[in-house]
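The chain contents come next:
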Amino acid sequence: KIGDKFIGIDISVNEGRKYYFRHITWVGNSKYGSKELDKVLGIKKGDVFNQSLLESRLSMNPNSTDISSLYMDDGYLFFQVTPVEVLVEGDSIDMEIRVYEGKQATINKVTVKGNSKTNDHVVMREIRTRPGQLFRRSDIIRSQRELAMLGYFDTEKMNVNPVPHPENGTVDIEYQVEEK
């Protein structure tokens, strides 16, 4: 008891033992070598095991410094990566990172929805993705930024909807905007 209206609570937390990355091997990668993927991953033998760090380094890191961004900026829209713990021995974990590259996707159709006042040609000149080009995630991000800089659209409601067609290796890209 600390006072008439307050009590103090002591909480003991046992986090358990720390685990460390030991061996990280890549399986299924042919476009990029294991050394290059290790460099992008940035996790070394002896680093403390951190699942959320591993996942952010594998896919959709906001800074685009992850394995998925590396592949998606080279057309590999159908790329998948799966980390698997293959051995836990003592305080060390061996990881196998399974990569499915798929084939490179080309852009089939680019459309814009929601622009009622602004002419299509004004919007399309700001878009960096063109039919026939190799799919690049960075081009989509840049196009979103360019559209936002026009000042015509509500940036909160701007969206990009890629519609993949794995059967023929293409993707349709739909930019959704809402005018201010």
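The coordinates are above.
The rules behind the values
- Residues numbered from 1 in each chain as written.
- Predicted model: local features only at pLDDT ≥ 70, side-chain atom pairs only at ≥ 80, totals over all residues.
- Heavy atoms only, no water.
- Helix = DSSP H or I, 4+ residues; strand = E, 2+ residues; numbered from the N terminus.
- Rg over C-alpha atoms; globule rule 2.2 N^0.38 Å.
- Buried < 20%, exposed > 50% of the residue type's maximum accessible area, 1.4 Å probe, protein only.
- Contact = heavy atoms within 4.5 Å.
- Areas by Shrake-Rupley, 256 points an atom, 1.4 Å probe, with all protein chains shown as cover.
- Lys, Arg positive; Asp, Glu negative; His and termini not counted.
- Charge placed at Lys NZ, Arg CZ, Asp CG, Glu CD.
- Polar contact = N/O pair within 3.5 Å; in protein donor to acceptor, adjacent residues only side chain to side chain.
- Pairing = 2+ DSSP bridges.
- Axes fitted to C-alpha atoms, helices over the stretch in contact; angles between N-to-C directions.

A. Molecular detail of the overall build of the protein chain. Counting its regular elements, the protein chain contains five helices and six strands. Ordered by position in the sequence, the α and β elements of the protein chain form the string β-α-α-α-β-β-β-α-α-β-β. Relative to a compact globule of 180 residues, whose C-alpha radius of gyration would be 16 Å, the protein chain shows 23 Å and is clearly more extended. Taking the principal axes of the C-alpha coordinates as reference, the protein chain spans close to 65 × 60 × 25 Å. Within the protein chain, the proportion of its 180 residues that are buried is 36%. Look at the contacts in the protein chain between residues 6 or more apart in sequence, and 61% of them connect residues 24 or more apart. As presented, the protein chain carries roughly 11200 Å² of accessible surface, and 48% of it is formed by carbon and sulfur atoms. For the protein chain, the centre of its 25 positive side-chain charges and the centre of its 27 negative side-chain charges are spaced 3 Å apart.

B. Here's a closer look at the environment of D74. Mapping D74 onto the fold places it in the loop between α3 (67-72) and β2 (80-89). In this structure, the C-alpha to C-alpha distance between D74 and Q104, residues 30 residues apart in sequence, is 7.5 Å. Once residues lying within four places of it in the same chain are set aside, the contact partners of D74 are K31, Y32, Q104, L134 and F135. For D74, the side chain forms a polar contact with the side chain of K31, separated by 3.0 Å.

C. Geometry of the sheet that holds strand β5 (residues 159-165). If you walk across this open sheet you meet the three strands as β4-β6-β5, and the pairing is mixed. In this open sheet, the two strands that pair with only one neighbour each are β4 (106-113) and β5. Recorded for the sheet is a direction-independent mean angle of 20 degrees between the axes of neighbouring strands. Pairing analysis gives seven bridges linking β4 to strand β6 (residues 170-176), with the strands arranged parallel. Bridging from a neighbouring strand, V110 pairs with I173 of β6. Each of β5 and β6 touches helix α5 (residues 137-150); the most contacted strand, β6, lies at about 20 degrees to it.

D. Fine view of the sheet that holds β2. The strand order across the open sheet formed by three strands is β1-β3-β2, and the pairing between neighbours is mixed. Every interior strand has two partners, whereas the edge strands, β1 (20-27) and β2, have only one. When strand polarity is set aside, the average angle formed by the axes of neighbouring strands in this sheet is 25 degrees. Across six bridges, β1 lies against strand β3 (residues 92-100) in parallel orientation. When the sheet's bridge partners are listed, F21 is paired in β3 with I93. Taken strand by strand, helix α1 (residues 34-41) contacts β1 and β3, and its axis lies near 135 degrees from that of β1. The strands touched by helix α2 (residues 51-58) are β1, β2 and β3; relative to β2, the strand with the most contacts, the crossing angle is about 150 degrees.

E. Seen up close, the environment of R142. Within the secondary structure, R142 sits in helix α5. Between the C-alpha atoms of R142 and I127, which are 15 residues apart in sequence, the distance is 8.0 Å.

Keep in mind these numbers describe shape, not what the thing actually does.
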